[in-house]
Amino acid sequence: MPKPTPGLDYLLDPAKHSLGPVVVVSGDEAYLKREVLATLRQQICGDDQGDFAWNAFVGREAEWRDVRDALSAVSLFGGGVQVAAVEDADSFVTQHRPQLEDYLDKPTTGAVLVLEVKSWTSTTRLAKAVDKLGMTLKCQAPDRGAEVGQFKRQVKQWLAMRADTVHEAKLDPAAADMLLDLLPLSLGVLEQEVARLALLADEGNIDASVVREHVGGWRTRKTWDMIDAMDDGDAADALSQLDRLLLAGEQPIGLLAQVSSTLRRFSAAACLYSQSEASGRRTSLRAALEQAGVIKFKLGDAERQLKQIGRERAAELDERLLDADLAMKGHNSSPARARTELERLVVWLSKTADSRRR
């Protein structure tokens, strides 16, 4: 059974996709769906015929006879493709499933039916007909596993493309990495930031320094300052920054998530370095950090910080982070007790707690 095509795959290169007489746009990523629908309209109708060939319907109000008529109509302004696009079509599909199945047995030549839905079951007769004749575009951000890494790589490509084609700017790869670290994995939020940074950057060159200066506000910058102090083993500074962030309204569980994103890269780098040693291959700590996903402009700082943490503590990082996460979601879920979990982590990473120095 064919897999749905990720919406970002389609946006990155619409021309390589053959649409057919029916396209389903599914998922709950609203911004991505909006971009996919706009690109579909451009690809199918072009610039000149879009207003006449693209017939939009609201799913809750649409009647099958009207949609069918739109698919069968001949444009008065030329012989281009006719499109019937049903938005928010979940209830429409449920109500008119038999008619849709019958239509796809013999679709109208030179017409495209577009269905925008939140959920789409791939095992139904209708879904199988769509897979056979057309395509399904899935507009949903993955929440776990290897798909997240692939999605982020595609997001970076798409942001660079948007910066170039829409905002007349150049987005540096390191700047894209930092945006993904600082902001939620939401295409709308990320694209809005790129648009804003394109106006602020000198000559439209969005590099890491521009992102660091302008994205995230005071709390975000202070959170990264706290993490840097933790990784440097400066417990006094890290605890001071933590106190200010908590007083400003930050939640301990949210701070732990950001701390974990950095420390897990250190854990992965230490593991890669040890595996390389065990197999007799030579590698550098910097190469291991880069392989673990550390942004290039941060490699120098990260190498120094991992050396400060040391091999012994680096091997325990994943376990310590898991313990803290479980504690914050269990017996230490209250704000005061959750704060204690963060403080323990800060102290454990401090220079004073380093067993090598003791």
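First, a word on what this report is: a plain description of the structure on this page. (Residues numbered from 1 in each chain as written. Predicted model: local features only at pLDDT ≥ 70, side-chain atom pairs only at ≥ 80, totals over all residues. Heavy atoms only, no water.)

### Focus: helix H17 (residues 335–348)
The periodicity of an α-helix, 3.6 residues per turn, causes residues three or four places apart in sequence to face the same way.
Reasoning step 1: For H17, spanning 14 residues, the distance from its first C-alpha to its last is 20 Å, which sits close to the expected 20 Å at 1.5 Å a residue.
Reasoning step 2: Within H17, burial applies to Ala 338, Glu 341, Leu 342, Leu 345, Val 346 and Trp 348. (Helix = DSSP H or I, 4+ residues; strand = E, 2+ residues; numbered from the N terminus. Expected span 1.5 Å × (residues − 1). Buried < 20%, exposed > 50% of the residue type's maximum accessible area, 1.4 Å probe, protein only.)

### Here's the deal with the sheet that holds strand E3 (residues 54–58)
Reasoning step 1: With parallel pairing, the six strands of this open sheet are ordered in space as E1-E6-E2-E5-E4-E3. Two strands close off the open sheet at either side, each with one partner strand: strand E1 (5–6) and E3.
Reasoning step 2: Direction of pairing for strand E2 (residues 22–26) relative to strand E6 (residues 135–138): parallel, over a ladder of four bridges. Residue pairing in the sheet places Val 25 in a bridge with Leu 137 of E6.
Reasoning step 3: Lying over the sheet, helix H4 (residues 64–72) contacts E3, strand E4 (82–87) and strand E5 (111–117), oriented at roughly 155° with respect to E4. (Pairing = 2+ DSSP bridges. Contact = heavy atoms within 4.5 Å. Axes fitted to C-alpha atoms, helices over the stretch in contact; angles between N-to-C directions.)

### As for the nonpolar core
Reasoning step 1: Ranked by size, the top nonpolar core spans 86 residues in total, and within it Leu 40, Val 114 and Ile 206 carry the most contacts.
Reasoning step 2: In terms of residue count, the dominant contributor to this core is helix H16 (residues 299–328) (nine residues).
Reasoning step 3: Val 114 has contacts with Val 23, Val 25, Leu 37, Leu 40, Trp 54, Val 83, Ala 84, Ala 85 and Val 86, leaving out every residue within four places of it along the chain.
Reasoning step 4: Judged by nonpolar contacts, the second largest core, of 22 residues, contains Val 24, Ala 84, Leu 100 and Val 117. (Core = buried A, V, L, I, M, F, W, Y, C linked by side-chain atoms within 4.5 Å.)

### Structural notes on the environment of Asp 9
Reasoning step 1: Residue placement: Asp 9 occurs in helix H1 (residues 7–12).
Reasoning step 2: The class of Asp 9 is partly exposed, set by a relative accessible area of 24%.
Reasoning step 3: Separated by 145 residues in sequence, Asp 9 and Gln 154 have C-alpha atoms that sit 7.5 Å apart.
Reasoning step 4: Those residues in contact with Asp 9 that sit more than four places away from it in its chain are His 17 and Gln 154.

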